[in-house]
Amino acid sequence: MNRLLLIVVSVLVASTSASHICLDAACSSFNVEADIVLVVDASNAYDQNTFEQIRTFLLNFVSSLTITPLDSQVALYAYGSSAQTVASLTDGSSLGSIQAKINTTLKYQGSAERNLFQALTKVQAEVSSMSGLRSADYKKVLVVISGDSWTGNTVIGSSVLTQLKQKFNVILSVGFGAKALANLNSQLPQLTTASMNTFFAATPDQLTFVSAWMAGLSCPNVQFSTVSPPPTTVPTQSPSVSCPLASLSYDVYLIVDVSNKASAADFAAMKTAIHNFAAPFAFGNLATNFALVTTGIDSQLFFTNFHNGQSRSDVLGAIDGLLQDDVPGQTLNLALSAIQGYLAQPSSASKRVLAYFTSTTAWDVSPIASMNSLKSKYSLSPMAVQWSASAATSDLTNLVGGANCVNTVSNKASAATWLQNKMCAKVFC
């Protein structure tokens, strides 16, 4: 069973990373004091049955809060061919009232249009003190839930989005379903107020994690801190690397195991190895670009400005900020789904490679068929770094297509240079 903040599916995400939720909570959801505005996709991105599961998710989420004029209030908007005001904050200041609005007023539009711009314009115009918005003592949280690419006016870069980022303390985005994974993996993070404030959930069972993540980021004084960018000086590559890395133009897909199969010290060492692997490359649209996905109990695609003017700090900041789950799990198949949207886009890269760092091969669903499909369809060249012996060498060999593309645990100290030399040699499996 695929479980997801891809991301994906990633647990996503909540303690301090948009991909980990069932970690230590900053506060109980019953103690949240916030004005929360939910904007929900009601288009044919979902069928009617799936939309009813979203309705159940919304009911469960509001029931997890203490809804009163002195605690949490919830407003709800929906969008498809048109934007619908389902409930204002005043409507959503009692649990019974917001439950009734979700049950009876929220409608499935089932349209091929998804006019998010219109819905956000409504939010900007209507969410005010007149409709229940409270003083600055209460946190202001906006959550956008999308199932597929948007139609209508462009949202990213619009003045209405700029205004909303000034109005709300936190803006979160949720991509729900396979179409969101394929078509919104670069757009959804750009809606938010922090690069890791996006949660991708592939299946309805993962909505429980989304609910916990939303509640966690609605707690007082909770938000991801900005990672200090590393020095702008280009790191010197190892003399053992056989080519100038800055001359390469690759698309690199980093998939990182964040389960608890590694010790805390081993996990920190793995992050250092990944940092050292990426750091010496030249970054940018005509150079090398890195996409980053974490995988554990769920999978999370991180926003790294992939082919969007990517900088070294975009990538290294995301790597350095990764957090480890406190539970086992490995949803690699879901992580592979998370990168398909990028793979399907035209690219000037001379090669597309995947580097999978893992301490486990206890996959929830076998990823072999998915990997073979990506290799065949997109000429993707996978490599695996076996970070601990709990990841079976035979499984990794089958995954990537050959033992020569697996760096075993006995050689993990040289993992960064091993990957770099593979890319220099351009010989994969």
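This structure is a prediction, so every number in the text was calculated from the model and none was measured.

Reading the values: rules and limits
Residues numbered from 1 in each chain as written. Predicted model: local features only at pLDDT ≥ 70, side-chain atom pairs only at ≥ 80, totals over all residues. Heavy atoms only, no water. Domains from an automatic or database assignment. Contact = heavy atoms within 4.5 Å. Buried area = accessible area lost by both parts, 1.4 Å probe. Salt bridge = Lys/Arg side-chain N within 4 Å of Asp/Glu carboxyl O. Polar contact = N/O pair within 3.5 Å; in protein donor to acceptor, adjacent residues only side chain to side chain. Helix = DSSP H or I, 4+ residues; strand = E, 2+ residues; numbered from the N terminus. Buried < 20%, exposed > 50% of the residue type's maximum accessible area, 1.4 Å probe, protein only. Pairing = 2+ DSSP bridges. Axes fitted to C-alpha atoms, helices over the stretch in contact; angles between N-to-C directions. Right-handed = clockwise from strand over helix to strand, strands pointing away. UniProt positions renumbered as here; feature names shortened; annotations may be inferred. Disulfide = S-S within 2.5 Å.

## Some points on the domain arrangement of the protein
Inference 1: Looking at the protein, the domain boundaries give domain 1 (34–218) and domain 2 (245–425).
Inference 2: Inter-centroid distance (C-alpha atoms) of domain 1 to domain 2 is 31 Å.
Inference 3: Taken together, the contact between domain 1 and domain 2 spans 14 residues of the former and 13 residues of the latter.
Inference 4: Summed over both partners, the interface of domain 1 with domain 2 comes to about 1200 Å²; 63% of that surface belongs to carbon and sulfur atoms.
Inference 5: Between domain 1 and domain 2 we count zero salt bridges in total.
Inference 6: Connecting domain 1 to domain 2 are one residue pair in polar contact (both at pLDDT 80 or more).
Inference 7: The set of elements that each furnish at least two residues to the side of domain 1 that touches domain 2 consists of helix 5 (178–183), helix 6 (188–191) and strand 6 (198–201).

## Side note on the pairing of strand 6
The side chains of a regular strand alternate between both faces of the sheet.
Inference 1: Burial along strand 6 is two-sided: Thr198 and Phe200 and Phe199 and Ala201, pointing in opposite directions, are all buried.
Inference 2: Both strand 5 (residues 170–176) and strand 6 contribute to a ladder of four bridges, which runs parallel. Each residue of the ladder has a partner; that of Phe176, found in strand 6, is Ala201.

## Re the sheet that holds strand 5
Through backbone hydrogen bonds, the strands of a sheet pair up, either in parallel or in antiparallel fashion.
Inference 1: With respect to topology, six strands assemble into an open sheet ordered 3-2-1-4-5-6, the strand pairing being mixed. Because the sheet does not close on itself, it has two edges, and the strands there are strand 3 (83–87) and strand 6. Direction aside, neighbouring strands of the sheet carry axes that sit 20 degrees apart on average.
Inference 2: Relative to strand 4 (residues 139–146), strand 1 (residues 34–41) runs parallel, the two sharing seven bridges.

## Examining the pairing of strand 8 (residues 289–295)
Inference 1: With seven of seven residues buried, strand 8 lies mostly within the body of the structure.
Inference 2: Neither face of strand 8 is left uncovered, since the one carrying Asn289, Ala291, Val293 and Thr295 and the one carrying Phe290, Leu292 and Thr294 both have all their residues buried.
Inference 3: Pairing of strand 7 (residues 250–257) with strand 8, which is carried by seven bridges, proceeds in the parallel orientation. For Leu254, the partnering residue across the bridge sits in strand 8 and is Leu292.
Inference 4: Crossover connection from strand 7 via helix 8 (residues 264–278) to parallel strand 8: handedness right-handed.
Inference 5: Relative to strand 9 (residues 299–302), strand 8 runs antiparallel, the two being bridged by four bridges. Bridging from a neighbouring strand, Thr295 pairs with Ser299 of strand 9.

## So, the UniProt feature "domain: VWFA" (unreviewed entry) in the protein
Inference 1: The positions that UniProt labels "domain: VWFA" (unreviewed entry) are, in the present scheme, residues 35–217 and 251–427.
Inference 2: Annotation note: span residues 251–427, helix share 37%, strand share 20%, distance between end C-alpha atoms 15 Å.

## A closer look at the state of the cysteines
Inference 1: By the definition in use, this model includes two disulfides.
Inference 2: The side chain of Cys243 participates in a disulfide bridge whose partner is Cys424; the two sulfur atoms lie 1.9 Å from each other. Taking the torsion about the S-S bond as the criterion, the Cys243 to Cys424 disulfide, at about -75 degrees, is left-handed. Of this pair, Cys243 sits in the loop between helix 7 (207–217) and strand 7 while Cys424 is found in helix 14 (residues 415–425), placing the two residues 181 residues apart along the sequence.
Inference 3: Taking the relative accessible area as the measure of exposure, Cys243 reaches 15% and is therefore buried.
Inference 4: There is a disulfide in this structure between Cys405 and Cys429, and the S-S distance comes to 2.2 Å.

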